[in-house]
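Breakdown of the fold
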Amino acid sequence: MPTVSNFPTATDTDSVTGPLPTETVSAAREPETSPLVRIRSLLPGLARAEQRVAKVVLDDPSSVARRSITEVALAANTSETTVTRFCKAVGVGGYPQLRIALAADTARTEARSTRNLGGEIGVDDDLAAVVGKVSFADARAVEETADQLDVAELEQVISLLAQAGRADVYGVGASAFVAADLQQKLHRIGRVCFAWSDTHIMLTSAAVLGPGDVAIGVSHTGATTDTVEALRVAREHGATTVALTNFPRSPITEVADHVLTTAARETTFRSGATASRIAQLTVIDCLFIGVAQRHMDAASQALDATRDAVGAHRLGVRPDGRRRPRETGK
């Protein structure tokens, strides 16, 4: 992970003003990807002064799109040079390009929804407001994860899983549920897959993997020591390693051959909870369906067999209340 250092601050107030640039400037990332998603994902690896700039941008992106570089520097208690350095760190060429990207993103967001519920839940919010904010944030997590997901990288991971002799998935805390979900899905279509959340078992599992096997580490922060260490051991023993994280410059990516990223933003009362898990499960579903497509006949047969196996443990009624024929077992 890049070293975080303090850049010197300045109070240079030379004004850089003028209307929003009209020339077309290409950002480093695909134009449909939200610049806010990238800023949030790179935030932990930025220098402290750059993090202050990021906070100003994330707090009110539409306002930053209309402000001069001097105004943003003053709001972040830093220098215009640091603002420019921040722009380069998050993949845009400079401040004019950032303003264009933010303006475009604001327009896209307004087109998606006429309501901007935000994410922070206040002490005075009634239950209806809480429901609205939670559902809005979770829906945005799925949309933004899909927007920024590297499809080519996803395709490579699917190919590896489809051919793997064995896949082990590591995750602790909330990520353990995501790891278990992938294990259950792949196991149901006949793929050999194990999910581990205990540190000792994760390490012993990683130690017996080898070439042709795949190890997947699930960590929202990408800094969970247990998961990072297990992935490192798996890699040392010849397994191909995959990281699923929200932060592409986090420590887990240093021990991963392939990196899949989510785009979840945690909010009040919800750190490490629903938004990150929903974003991770979106990627997990894509992996599962991709692998199932590679083994369509076998996967279909396995799904039918597993459905029949548990059929007797379901009540003999349909969802609409009508009685279901017992002999089908489905």
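All of the points below concern the structure found in this document.

Criteria and cut-off values
- Residues numbered from 1 in each chain as written.
- Predicted model: local features only at pLDDT ≥ 70, side-chain atom pairs only at ≥ 80, totals over all residues.
- Heavy atoms only, no water.
- Pairing = 2+ DSSP bridges.
- Helix = DSSP H or I, 4+ residues; strand = E, 2+ residues; numbered from the N terminus.
- Axes fitted to C-alpha atoms, helices over the stretch in contact; angles between N-to-C directions.
- Contact = heavy atoms within 4.5 Å.
- 1 Å grid on protein atoms, 1.4 Å probe; cavity = no way out; pocket = protein on both sides within 12 Å on 5 of 7 lines; lining within 4 Å.
- Points joined across faces, edges and corners; volume = space filled by probe spheres on them.
- Nonpolar A, V, L, I, M, F, W, Y, C, P; charged D, E, K, R; others polar.
- Salt bridge = Lys/Arg side-chain N within 4 Å of Asp/Glu carboxyl O.
- Buried < 20%, exposed > 50% of the residue type's maximum accessible area, 1.4 Å probe, protein only.

In this section: the sheet that holds strand 4 (residues 240-245). Picture the strands of a sheet paired through backbone hydrogen bonds; they go either parallel or antiparallel. With respect to topology, five strands assemble into an open sheet ordered 2-1-3-4-5, the strand pairing being parallel. Looking at strand neighbours, the two that pair on one side only are strand 2 (193-196) and strand 5 (258-261), the edges of this open sheet. Along the sheet, successive strands turn relative to each other by an average axial angle of 20 degrees, direction set aside. Inspection of the sheet shows strand 1 (residues 167-170) paired to strand 2 by four bridges, in the parallel sense. Across the sheet, residue Tyr170 finds its bridge partner in strand 2, namely Trp196. Docked against the sheet, helix 10 (residues 199-207) engages strand 1 and strand 2, running at close to 150 degrees with respect to strand 1.

The next subject is empty space enclosed by the protein. Under the criterion given, the structure shown has four cavities of 30 Å³ or more. Volume-wise, the largest cavity comes out at about 60 Å³. Its residues placed into classes, the lining of the largest cavity shows six nonpolar, one polar and two charged.

Now for the pattern of salt bridges. Following the criterion strictly, the structure yields 14 salt bridges and no others. Asp59 is paired through a salt bridge with Lys55; the nearest N and O atoms lie 2.8 Å apart. Pair noted here: Asp59 and Lys55 are both in helix 2 (residues 48-59), with a separation of four residues, about one helical turn. Here Asp59 and Lys55 have matching classes, each one exposed. Beyond isolated ion pairs, a larger network of salt bridges with shared partners links Arg40, Arg140, Glu143 and Glu144.

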